Amino acid sequence: MLKSDCFYLGKIVSKYSFKGELLIKLDTDEPEAYENLESVFISLGNNLVPFFIKKSQLHKSTLLRVRFEEIADESDADRIMGSEIYLPLTMLPKLTGNKFYFHEVIGFSLNDNVHGDIGIIESVNDTTSQALFEAVKDGKQLLIPINDEIITKVDREEKIIYVSTPDGLVDLYLNL
């Protein structure tokens, strides 16, 4: 399994017991959706390795307490401490309306209510305090904030995101 075929679910943050149980910090708004997993992929070196789950339960909101079949004791648990956890993209719940996963909108067109077509989304920058669409139009890069006030409609069939950008933002990039 390749990382590009998976999504990041969380990270192993601590040991829970002397029996090899671990706590995974889940990176999700709905941790309960991942409480009864059968297996996960753990990033070890440059590989994603499948690990099967004996039992799991939510522990304090976004922590998942897990007992893996392959982890028998504390020293086994130490081997995978701090590792990232992944699941196949096919396990993501389907989103509707104006909600979307960042990976799903790469290649979509951005259509502004004033300027029309303002580019193709090449990536999403979520390393800043405000997530941004990184779009390209005629060789110029545009950075468009991702928030409910700007996104007016997501058309998955036509692969277009309709936006209403603040006055002057598009002009700044495209010198209109």
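Residues numbered from 1 in each chain as written. Predicted model: local features only at pLDDT ≥ 70, side-chain atom pairs only at ≥ 80, totals over all residues. Heavy atoms only, no water.

1. Observations regarding the sheet that holds strand 1 (residues 6-15)
Link 1 in the chain: Ordered by their spatial adjacency, six strands build a closed barrel running 1-2-5-4-3-6, and the pairing between neighbours is antiparallel. Across this sheet, the average inter-strand angle for adjacent strands is 45°, counted without regard to direction. (Pairing = 2+ DSSP bridges. Helix = DSSP H or I, 4+ residues; strand = E, 2+ residues; numbered from the N terminus. Axes fitted to C-alpha atoms, helices over the stretch in contact; angles between N-to-C directions.)

2. Points about the sheet that holds strand 8 (residues 116-125)
Link 1 in the chain: Reading across from one edge, 10-9-8-7-12-11 is the order of the six strands in this open sheet, with mixed pairing throughout. What marks the edges here is a single partner per strand, and that holds for strand 10 (140-145) and strand 11 (151-155). For this sheet, the mean angle separating the axes of adjacent strands, direction not counted, is 35°.
Link 2 in the chain: As paired elements, strand 7 (residues 109-112) and strand 12 (residues 160-163) share four bridges and run parallel to each other. If you follow Asp112 over to strand 12, its bridge partner there is Val163.

3. Description of the pattern of salt bridges
Link 1 in the chain: Summed over all chains, the structure comprises five salt bridges.
Link 2 in the chain: One salt bridge connects Lys15 with Glu74, and the closest N-O pair in it is separated by 3.2 Å. Pair noted here: Lys15 is in strand 1 and Glu74 is in helix 1 (residues 74-80), with a separation of 59 residues, a long-range link.
Link 3 in the chain: Residue Glu74 is classed as partly exposed on the basis of its relative accessible area of 30%.
Link 4 in the chain: For Arg156, the salt bridge goes to Glu104, with nearest N and O atoms at 3.0 Å. Pair noted here: Arg156 is in the loop between strand 11 and strand 12 and Glu104 is in the loop between strand 6 (84-88) and strand 7, with a separation of 52 residues, a long-range link.
Link 5 in the chain: Look at Arg156 and you get partly exposed, because its relative accessible area is 27%.
Link 6 in the chain: Connected through shared salt-bridge partners, Lys15, Glu74 and Asp78 make up one network. (Salt bridge = Lys/Arg side-chain N within 4 Å of Asp/Glu carboxyl O. Buried < 20%, exposed > 50% of the residue type's maximum accessible area, 1.4 Å probe, protein only.)

So yeah, pure geometry; function would need other evidence.
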